[in-house]
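Below are the chains, spelled out letter by letter.
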Amino acid sequence: MNIVLLGAPASGKGTQAELLAKKFNLYLLQTGALSRELSKSDERIEEIINSGKLIPQEEMTMHVINFLTKTKPDLKDILFEGFPRFISQYEALESFLKNKGDDIDAIISLDISLEEAVVRISSRRTCSKCGKTYNTITNPAPNGVCECGGELVQRKDDLPESVKVRFEYYEDNTKKLIEHVEKLGKLTRVDGTQSIEEIQKQLVDIVEKVKLK
Ligand code: AMP
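Since this is a predicted model, take the numbers as computed values, not measurements.

Novice: Give a detailed account of the site of the ligand, specifying residues and quantitative values.
Specialist: Close to the ligand lie 16 residues; Thr-31, Lys-53, Gly-82, Arg-85 and Gln-89 are nearest. Contact distances for the ligand include 2.7 Å between an oxygen atom and a backbone N or O atom of Lys-53. Here a nitrogen atom of the ligand sits 3.1 Å away from a polar atom, N or O, in the main chain of Ile-55. The fraction of the free accessible surface of the ligand (480 Å²) that becomes covered by protein chains is 96%. A total of four residues in the shell around the ligand trace back to one element, the largest contributor, which is helix α2 (residues 31–39). For the shell around the ligand, the per-class residue count stands at six nonpolar, five polar and five charged.

Take a look at the structure:
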């Protein structure tokens, strides 16, 4: 079973993806985390990420396909978060999976308004040690530090000048991808403004239905 979770920056897809992956024992493939890993040995990628831009679409597709073929060749049951973000990435992923006799079983969009996303992003804090995300309004860390003990910081791409760029990329690319898969009849929308628990419940229902197919 392969699931794709789409949404604007700060739509909560990272938090939801972690909960969902745990619940259904899915491998969580977060291309944000993969990109940050790549940036450790590649200054160009680090610059792209920090400025809020996206890595060129085919390049990112190549990293994902490489990761899946070389690092995790036997991997099944994947939850994709942050990928695809472009129609080209969606088509490449679908054909890669189909070639292995597999498929994308559900594509879910977590919907929030851009105004809401901007408020959330400015209150997002990320653990400098393990990468776990918190939100000073909706999901605060109990003692102001991560559960792993790491310091909570604002990601460079969560700073206002990068946020503007990220939303432009979202509008120009990911929103078009969401509309594209909706036209194909493959999209399920979930209201991302609900509580974390309510959203998770709806996502669990969707995945349960996929499992029954
Ligand atoms: P995220 O944590 O999902 O917001 O991703 C952080 C950064 O990683 C993005 O701003 C991009 O620079 C890069 N990235 C993640 N996923 C993709 C993708 N599908 N295509 C291109 N760049 C990506």
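Novice: Which residues make up the state of the cysteines, and what values do they have?
Specialist: Evaluation of the coordinates by the stated rule reveals zero disulfides. Cysteine Cys-127 remains unbridged, with the sulfur of Cys-148 as its closest cysteine sulfur at 3.6 Å. Assessed through its relative accessible area of 4%, Cys-127 is described here as buried. By relative accessible area, which is 32% here, Cys-148 ends up partly exposed.

What counts, and where the lines are drawn
Residues numbered from 1 in each chain as written. Predicted model: local features only at pLDDT ≥ 70, side-chain atom pairs only at ≥ 80, totals over all residues. Heavy atoms only, no water. Near = heavy atom within 4 Å. Polar contact = N/O pair within 3.5 Å; in protein donor to acceptor, adjacent residues only side chain to side chain. Areas by Shrake-Rupley, 256 points an atom, 1.4 Å probe, with all protein chains shown as cover. Helix = DSSP H or I, 4+ residues; strand = E, 2+ residues; numbered from the N terminus. Nonpolar A, V, L, I, M, F, W, Y, C, P; charged D, E, K, R; others polar. Disulfide = S-S within 2.5 Å. Buried < 20%, exposed > 50% of the residue type's maximum accessible area, 1.4 Å probe, protein only.

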